[in-house]
Amino acid sequence: MSNQPSPTKKAALAISAALALGFGGAALYQQGAASAQTEPASQALAQLQQSTPEKVSLTQNKTFNAARANTENERNTVDVVRAASDGLVYISVQSGTKQAAQQNTPEQNTPKQNTQPRRNAQPNGNQGNQDPNQPDPFAGTPFEGTPFNFGQGGQGVPNQPQQPSRGTGSGFFVNANGDILTNYHVVDGADTITIRVHNHPETYTAKVIGTAPDYDLALIRADKLPANLIKPIALGDSSALEPGLKAIALGAPFDLDFSVTEGIISSTARTIPVGLRGVNQAVIQTDAAINPGNSGGPLLGSAGQVIGINTQILTGGGNQNAGVGFAIPINVAKSLLPRLEAGTKIKTPVLGLTYADLSGLDPATLKSLNLPSQGALVTSVLPGSPAAKAGLKAGKQDITLDDGTKLTLGGDVITSVNGKKLTQNAQNNTLQSTIFGLSVGDTVKLGVLRGGKPIDLSVKLSEFNPQAASNDTNN
């Protein structure tokens, strides 16, 4: 019997909080064999001995030229790392201290929980395992069902006091003001943030300037940081990337400060859940070793410019690099940077509803239920949300399909946004990703099937906060 999940199992009934992570690692290098000589060996050896004062005896009759050992690629890597290392920032956060102080008052008299400090804590307490309702970006591949991960530790025992936790991450200077770009999940919920720069032991208190939670980006700034320590790294152009180009990751994996790993760009066409709500977004895939502690660190190209911000890894179920890492394209950060520098908390619009992605359901099942093959079946609408104000209707008939998939029938089916049809989620045309690409304040036209009849509804997108929603809220 096949262990592969049925098509209906892949249906995206809802999408909730983002999966956030961190990175780092150590690279192995094996030098290739020397190129063949066209001249006689004895003549080549004589010339080598005459031209090179630095010789290392490898065997009785062979000489190794240490000066020529560095290849052009190696020299480039060394130059890039030297130029960028002073712009790297080591970030340490302390969280839970205020909550612990409140919980551990004398009146409470509750036994303290023996927990381990968490590193690279996940937003919303997510421990790095993929939400069961989240569409699997690797469906149909050998990695299907494999979780993302970066966190260590967990949420502890319910109803027990939570102990303070310490987290680490990375970042880098982006301007002369000393602003540091990092991942949102590195600083989310932090009571205190301290930073340290390369080759300097002093620590400085930092504060959050601007955030973009749904992009997993944050901008922080250190207090009283000497101007001579601010070394911005040039930002590159991620649109010019292609598979096979060099990728160098800087960071502090497992608290190993200022480590360097190297690989290549593995793909520029990958889409995975990113940010607080886990919205599918385009990312850079690389095989440069990335581990917990590299979150927010720069991914550099051979020109020494930042091409991405390390953010997630595919772990294979463990808590370390499995050869597949992901970075937010630097062009995304560049487009948001002016607002982050202005102190904005960048919010992306939501409709305030949950839905089932019909493209993941079996066509025969959809036909039997009188549902279209594509679209978003509305399963709930949050009170006061843009969706509720626009008049979208949710279903009330709960059913369970033969494979165990639960579905709520009777609601509207959203088939298009501003005339753009919703299609397979792998094409980034789901309802969530389409709304995500719009702005707060926009008015959009939704094509809707209600009772099998097409209607149009207008929705004004707002800064609606779906905190009261369940974990399966999609938009």
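Residues numbered from 1 in each chain as written. Predicted model: local features only at pLDDT ≥ 70, side-chain atom pairs only at ≥ 80, totals over all residues. Heavy atoms only, no water.

What follows deals with the overall build of the protein chain. A count of helices and strands for the protein chain gives eight helices and 22 strands. Looking at the protein chain as a whole, 49% of its 475 residues qualify as buried. For the protein chain, contacts bridging at least 24 residues in sequence account for 70% of all contacts bridging at least 6. (Helix = DSSP H or I, 4+ residues; strand = E, 2+ residues; numbered from the N terminus. Buried < 20%, exposed > 50% of the residue type's maximum accessible area, 1.4 Å probe, protein only. Contact = heavy atoms within 4.5 Å.)

Before going further, it helps to spend a moment on the nonpolar core. One recurring pattern in soluble globular proteins is that nonpolar side chains are buried together. Counting residues in each nonpolar core, the largest one holds 29 residues, and the members touching the most others are Phe172, Leu181, Leu217, Leu300 and Ile309. Of all the secondary-structure elements, those providing two or more residues to this core are α2 (72-84), β3 (88-95), β8 (217-222), β9 (246-251), β13 (306-314) and α5 (330-341). Considering each element in turn, this core owes the most residues, five residues, to α5. Not counting chain neighbours up to four residues away, the residues in contact with Leu181 comprise Gly171, Phe172, Val174, Ala218, Leu219, Gly296, Ile309, Ala333 and Leu340. (Core = buried A, V, L, I, M, F, W, Y, C linked by side-chain atoms within 4.5 Å.)

This part is about the packing of aromatic side chains. This structure, assessed with the given rule, holds one aromatic pair. Ring centres 5.0 Å apart and planes at 45 degrees place the aromatic pair Tyr215 and Phe436 in the tilted group. Remark: Phe436 occurs in helix α8 (residues 431-436) and Tyr215 occurs in the loop between β7 (204-212) and β8; sequence separation between them is 221 residues. Accessibility assignment for this pair places Tyr215 and Phe436 in one class, buried. (Phe/Tyr/Trp six-rings, centres within 6.5 Å; stacked < 30°, edge-to-face > 60°.)

So, about the sheet that holds strand β11 (residues 279-286). The strand order around the closed barrel formed by six strands is β9-β10-β11-β14-β13-β12, and the pairing between neighbours is antiparallel. The sheet shows a mean angle of 50 degrees between the axes of neighbouring strands, direction not considered. Looking at chain direction, β11 and strand β14 (residues 324-329) are connected through three bridges and run antiparallel. In the strand pairing of β14, Thr286 is matched with Gly325. Seen against the sheet, α2 touches β9, β10 (259-274) and β12 (298-300) and runs at an angle of roughly 35 degrees to β9. Against the sheet, α5 touches β13 and β14, its axis set at about 30 degrees to β14. (Pairing = 2+ DSSP bridges. Axes fitted to C-alpha atoms, helices over the stretch in contact; angles between N-to-C directions.)

Its 13 residues give α2 an end-to-end C-alpha distance of 18 Å, which sits within 8% of 18 Å, the value for a rise of 1.5 Å per residue. Of the residues making up α2, those classed as buried are Glu74, Thr77, Val80, Val81 and Ala84. Buried residues in α2, looked at end-on, bunch into an arc of 125 degrees, giving them a common side. Residues of α2 that are exposed and angled more than 90 degrees away from the buried face: Glu72, Arg82 and Ala83. Those residues of α2 that are buried are in contact with β3, β9, β10 and β12. (Expected span 1.5 Å × (residues − 1). Arc of directions from axis to C-beta.)

Once that is clear, we can look at unusual backbone geometry. Unlike most non-glycine residues, Asp216 shows phi in positive territory, near 55 degrees. Tracing the chain through its elements places Asp216 in the loop between β7 and β8. The backbone of Asn370 sits at a positive phi, close to 60 degrees, despite the residue not being glycine. Here Asn370 shows up in the loop between α6 (363-368) and β16 (376-381).

Let's shift gears to α5. Between the first and last C-alpha of α5 there are 16 Å, a value that for 12 residues agrees with the 16 Å anticipated at 1.5 Å per step. All of the buried residues in α5 are Ile330, Ala333, Leu336, Leu337 and Leu340. Buried residues of α5, viewed axially, fall in a sector of 145 degrees; they line one side. Exposed positions of α5 whose direction lies more than 90 degrees from the buried face are Ser335 and Pro338. Just past α5, the residue Gly343 takes up positive phi, approximately 85 degrees.

Pairs may arise between side chains of opposite charge once their charged atoms sit close together. Taken as a whole and assessed by the stated rule, the structure comprises four salt bridges. The partner of Arg75 in a salt bridge is Asp79, with the nearest N and O atoms 3.6 Å apart. Of the two residues, Arg75 and Asp79 both sit in helix α2, four residues apart, roughly one turn of that helix. The exposure class assigned to Arg75 is partly exposed, which follows from its relative accessible area of 31%. We classify Asp79 as partly exposed; its relative accessible area is 40%. (Salt bridge = Lys/Arg side-chain N within 4 Å of Asp/Glu carboxyl O.)

Further remarks concern the confidence of the model for the protein chain. Put simply, the protein chain has an average pLDDT of 75, and 66% of its residues get 70 or more. In the model of the protein chain, helix α1 (residues 41-51) stands out as the element of lowest mean pLDDT, 47, in contrast to strand β5 (residues 179-182), which has the highest, 98. pLDDT under 50 marks residues 1-42. Its contacts with residues more than four places away, or in other chains, come to 137 contacts. (pLDDT = per-residue confidence, 0-100.)

It is worth spelling out the environment of Val413 at this point. Note on placement: Val413 falls in strand β19 (residues 413-417). Given a relative accessible area of 4%, Val413 falls into the buried group. As for Val413 and Val448, which are separated by 35 residues in sequence, their C-alpha atoms are 5.5 Å apart. With residues up to four places along the chain from it excluded, the contact list for Val413 reads Leu358, Leu371, Pro372, Gln374, Gly375, Ala376, Leu377, Gly447, Val448 and Leu449.

Let us now look at the side chain of Thr77. By the element assignment, Thr77 lies in helix α2. The class for Thr77 is buried, based on a relative accessible area of 12%. Residues contacting Thr77, with those up to four places away along its chain left out, are Lys246, Ile248 and Glu262.

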